[in-house]
Amino acid sequence: MRDDDGKRLKPGTRLVTAGRHESVAGRGIVNPPVWRASTILYDSVAELRAAGRKPDDGLFYGRRGTPTQWSLADALTVLEPGAEGTLLFPSGVAAISAVLLSLLSPGDELLMVDSAYEPTRSICDGMLRRFGVTTRYYDPMIGGDIAAMIGEKTRLIFLESPGSLTFEVQDVPAICAAAKARGVTTAIDNAWATPLLFPALSHGVDISILACTKYIVGHSDVMMGSVTATPGHYAALRRTAMALGQCVSPDDAYLAARGLRTLGLRLRQHEEGGLAVARWLAEQPQVARVLHPALPGCPGHDLWKRDFSGASGLFGIVLNGGDDAARTALIDGLDLFGIGFSWGGYESLALPVDPAGLRTATTWAAEGPAIRFHIGIEDPDDLIADLSRGLARFESARR
């Protein structure tokens, strides 16, 4: 998608224009309408058979999508320069599962980052193991040294940057270069940054996965995942998705597309508020460490400065001493932070996390219990005041 001068449109503009084809939007309608369909009718048997020979060329059956889903998929594809296409899934975990099942066969080896999302580890240690796929976990800070781990049976290297719960930023270009030199595919869970802050394919990744539930939707009311792939990988992923019967409802696709249009504005607000709160927390004696990629103390901070164009609102802290009871006292009394899973919506969240049991290649050692925060779009001064009272409760409870 280019402007009149032939120059590539900037990402913020692509958020507005992508996927809104005239044939989809209709006569003067700004947002692509909701097309609900299961059965598609044909005027003749000959027309039905002709459509069956090219089922991806237009309306064929509801599971294969309607213009509502296609417009969202097209928009997400435009955000990743170099992509062939995007597939939509009913959740982020469904998207991750489809990628792993598409690329791995019995006897293959998967290199999985040790800081991966817990459900991703569960898939590896459960389903993939039963199917005869070996998973080896690697240090998220390994960088180009991952070349020494790549063996004859290695088929896929899976990245997540920043890492789930602990927020290590990986050297994605170095890992991808090592993989490409050995003909190994790379995939990344890019939900923290989205393509707006980190266009993964431009940094050498073959397949970019989003939990659209988070920042794409942005309102905590839709479950969805997506997979955007380079040429050479998209077709196989699509075959797997169709074989598994994976699809999303047009109503959910409509809501996700509507959220996508304001992604740039929301991410800037999340970044601003998140940094304000994170910097304040870093100065508090009850906090041992702040795990925020945009702050110097976070592992991989220099890589974040090199590769990312901004930060989102998700980060963690390690408390200075105390136990779970003291951490619970802090969280339970918060007024402006919800207690719940997921993130990416407009409200702030606080979640107790315990990464130690989710590591095998590396060891998680901490000065105290950890909390993951998502900073919404509230005024950060109000959030800081709420957290100040929470830290006072923590202080009292840890004595």
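Residues numbered from 1 in each chain as written. Predicted model: local features only at pLDDT ≥ 70, side-chain atom pairs only at ≥ 80, totals over all residues. Heavy atoms only, no water.

A few words now on the sheet that holds strand β11 (residues 348–353). Taken in spatial order, the 5 strands line up as β8-β9-β12-β11-β10 in an open sheet, and their pairing is mixed. The sheet is open, and its two borders are formed by β8 (287–291) and β10 (337–338), each paired with just one other strand. The pairing of β10 with β11 spans 2 bridges and is classified as parallel. The residue of β11 that forms the bridge with Phe 337 is Ser 348. (Pairing = 2+ DSSP bridges. Helix = DSSP H or I, 4+ residues; strand = E, 2+ residues; numbered from the N terminus.)

Of all the residues in helix α9 (residues 234–243), the buried ones are Tyr 234, Leu 237, Arg 238, Thr 240, Ala 241 and Met 242. Buried residues along α9 sit against β1 (85–89), α5 (92–103), β6 (207–210) and β7 (225–229). Phi turns positive, to about 70 degrees, at Gly 245, one or two residues after α9. (Buried < 20%, exposed > 50% of the residue type's maximum accessible area, 1.4 Å probe, protein only. Contact = heavy atoms within 4.5 Å.)

Right, let's talk about the nonpolar core for a bit. Taken as a class, soluble globular proteins show a tendency for nonpolar side chains to be buried jointly. Counting residues in each nonpolar core, the largest one holds 115 residues, and the members touching the most others are Leu 100, Leu 110, Tyr 138, Ile 157, Leu 281 and Phe 373. With sequence-adjacent residues up to four places away left out, Ile 157 is seen in contact with Leu 111, Tyr 138, Ile 146, Ile 150, Ile 175, Ala 179, Val 184, Thr 185, Thr 186 and Ala 187. Membership of the second largest hydrophobic core comes to 5 residues, among which are Leu 351, Val 353, Leu 358 and Ala 370. (Core = buried A, V, L, I, M, F, W, Y, C linked by side-chain atoms within 4.5 Å.)

A few words on the packing of aromatic side chains. Counted according to the given criterion, the structure contains 5 aromatic pairs. Residues Phe 315 and Phe 373 carry aromatic rings whose centres are separated by 6.0 Å and whose planes lie at 45 degrees to one another, so their mutual orientation is tilted. Here Phe 373 lies in strand β12 (residues 370–374) and Phe 315 lies in strand β9 (residues 314–319), a separation of 58 residues in the sequence. For the pair formed by Phe 315 and Phe 373, the shared burial category is buried. Counting every residue linked through ring pairs, the aromatic cluster contains Trp 192, Phe 198 and Phe 308. Taking the ring centre of Tyr 137 as reference, the NZ or CZ of Arg 121 above it sits at 3.9 Å. (Phe/Tyr/Trp six-rings, centres within 6.5 Å; stacked < 30°, edge-to-face > 60°. Lys NZ or Arg CZ within 6 Å of the ring centre and 35° of its normal.)

All right, on to the pattern of salt bridges then. Per the stated rule, a full pass over the model turns up 16 salt bridges. Between Arg 155 and Asp 108 there is a salt bridge, and its shortest N-O distance comes to 3.6 Å. Of this pair, Arg 155 sits in strand β4 (residues 154–160) while Asp 108 sits in the loop between α5 and β2 (109–113); the two residues are 47 residues apart in sequence, bridging distant segments of the chain. You can call Arg 155 partly exposed: its relative accessible area is 36%. With a closest N to O distance of 2.8 Å, Arg 306 and Asp 171 form a salt bridge. (Salt bridge = Lys/Arg side-chain N within 4 Å of Asp/Glu carboxyl O.)

Mapped onto the secondary structure, Leu 349 falls in strand β11. Sequence spacing of Leu 349 and Gly 376 is 27 residues, and the spatial spacing of their C-alpha atoms is 7.7 Å. In this structure Leu 349 touches Phe 337, Gly 338, Gly 340, Phe 341, Ser 342, Trp 343, Arg 372, Phe 373 and His 374, once residues within four positions along its chain are discounted.

Turning next to the sheet that holds β6. Spatial ordering of the open sheet is given by β1-β7-β6-β5-β4-β2-β3, a layout of 7 strands whose pairing is mixed. Edge strands, defined here as strands with exactly one partner in the open sheet, are β1 and β3 (134–138). Neighbour-to-neighbour, the strand axes of this sheet turn through a mean angle of 20 degrees, independent of strand direction. Bridging between β6 and β7 involves 4 bridges; their strand directions are antiparallel. (Axes fitted to C-alpha atoms, helices over the stretch in contact; angles between N-to-C directions.)

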